[in-house]
Amino acid sequence: QVQLVESGGGLVQTGGSLRLSCAASGRRFNTYTMGWFRQAPGKWREMVAAITSGGSTNYASSVKGRFTISRDNAKNTVYLQVNRLKLEDTAVYYCAADPSGTGPYAYWGQGTQVTVSS
């Protein structure tokens, strides 16, 4: 069982930045593909960014160039640096772990709220 705990959300003005963190339990964190997802009110959950065990990254087109995913295997933590925030980035952001590396994401955190105001 893998437990994921997100932190770092908050209220920020448009154009601002935040760094989201996700701390994971387990001894094999370095082998997991990790992802960040978000869900805005009335919308489906969508993938924002992902990082493989080898460090390859993938981003949704809506955040490419503004968001950066990274991981620190020594700390069992994955980060999402979110810059140049827009109103439409307002959502609950979730961290997820894929232990197999081939999907699906089997473990999810409780989410952290990011609210962007004008």
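Bear in mind that the values here come from a model prediction, so they are computed numbers and not experimental data.

Definitions and limits used
Residues numbered from 1 in each chain as written. Predicted model: local features only at pLDDT ≥ 70, side-chain atom pairs only at ≥ 80, totals over all residues. Heavy atoms only, no water. Salt bridge = Lys/Arg side-chain N within 4 Å of Asp/Glu carboxyl O. Buried < 20%, exposed > 50% of the residue type's maximum accessible area, 1.4 Å probe, protein only. Helix = DSSP H or I, 4+ residues; strand = E, 2+ residues; numbered from the N terminus. Phe/Tyr/Trp six-rings, centres within 6.5 Å; stacked < 30°, edge-to-face > 60°. Lys NZ or Arg CZ within 6 Å of the ring centre and 35° of its normal. Disulfide = S-S within 2.5 Å. Contact = heavy atoms within 4.5 Å. Core = buried A, V, L, I, M, F, W, Y, C linked by side-chain atoms within 4.5 Å. Pairing = 2+ DSSP bridges. Axes fitted to C-alpha atoms, helices over the stretch in contact; angles between N-to-C directions.

Participant: An account of the pattern of salt bridges is requested, with residue identities and associated values reported.
Facilitator: Under the defined criterion, the tally for this structure stands at 3 salt bridges. Among the ionic pairs, Glu 46 bridges to Arg 38, the shortest N-O distance being 2.6 Å. The class of Glu 46 is partly exposed, set by a relative accessible area of 33%. Across the pair Arg 38 and Asp 89 runs a salt bridge whose closest N-O atoms are separated by 2.9 Å. Of this pair, Arg 38 sits in strand β4 (residues 33-39) while Asp 89 is found in the loop between β8 (77-82) and β9 (91-98), placing the two residues 51 residues apart along the sequence. Taking the relative accessible area as the measure of exposure, Arg 38 reaches 6% and is therefore buried. Judged by its relative accessible area of 0%, Asp 89 is buried. Where salt bridges share partners, they join Arg 38, Glu 46, Arg 66 and Asp 89 into one cluster.

Participant: Before we move on, could you go through the packing of aromatic side chains and cite the residues and values that matter?
Facilitator: Applying the stated criterion across every chain yields a total of 4 aromatic pairs. Counting every residue linked through ring pairs, the aromatic cluster contains Phe 37, Tyr 105 and Trp 108. Sitting over the ring of Trp 108, Arg 45 keeps its end group 4.7 Å from the ring centre. Lying over the aromatic face of Phe 29, Arg 71 brings its terminal NZ or CZ to 4.7 Å of the ring centre.

Participant: Would you mind going over the state of the cysteines in detail, with residue names and values included?
Facilitator: The full count for this structure, using the stated rule, is 1 disulfide. Through a disulfide, Cys 22 is tied to Cys 95; the S-S separation comes to 2.1 Å. Negative torsions about the S-S bond denote left-handed disulfides, and the value of about -75° found for Cys 22 with Cys 95 makes this one left-handed. Remark: Cys 95 occurs in strand β9 and Cys 22 occurs in strand β3 (residues 18-24); sequence separation between them is 73 residues.

Participant: A description of the environment of Val 116 should follow, citing residues and the corresponding values.
Facilitator: Considering the arrangement of structural elements, one finds Val 116 in strand β11 (residues 112-117). Note: C-alpha distance between Val 116 and Pro 99 (17 residues apart in sequence) is 32 Å. When sequence neighbours within four positions are dropped, the list of residues in contact with Val 116 reads Val 12, Gln 13, Thr 14, Leu 85, Lys 86, Leu 87, Asp 89 and Thr 90.

Participant: Tell me about the nonpolar core, residues and numbers included.
Facilitator: Soluble globular proteins tend to bury their nonpolar side chains together. In this structure, Met 34, Trp 36, Val 78, Leu 80 and Tyr 93 are the most contacted members of the largest nonpolar core, which totals 30 residues. Among the elements of the structure, β3, β4, β5 (46-51), β7 (67-72), β8, β9 and β11 are those that each provide at least two residues to this core.

Participant: Before we move on, could you go through the side chain of Ser 21 and cite the residues and values that matter?
Facilitator: Its place among the elements puts Ser 21 in strand β3. If we ignore the near neighbours within four places in the chain, the residues touching Ser 21 are Val 5, Glu 6, Ser 7, Trp 36, Thr 77, Val 78 and Tyr 79.

Participant: Break down the sheet that holds β3 for me, citing the residues and quoting the values.
Facilitator: What the 4 strands build is an open sheet, ordered β1-β3-β8-β7; its pairing is antiparallel. The open sheet has two edge strands with one neighbour each: β1 (4-7) and β7. Across the sheet, the mean angle from the axis of one strand to that of its neighbour is 15°, orientation sign disregarded. Across 6 bridges, β3 lies against β8 in antiparallel orientation. If you follow Arg 19 over to β8, its bridge partner there is Gln 81.

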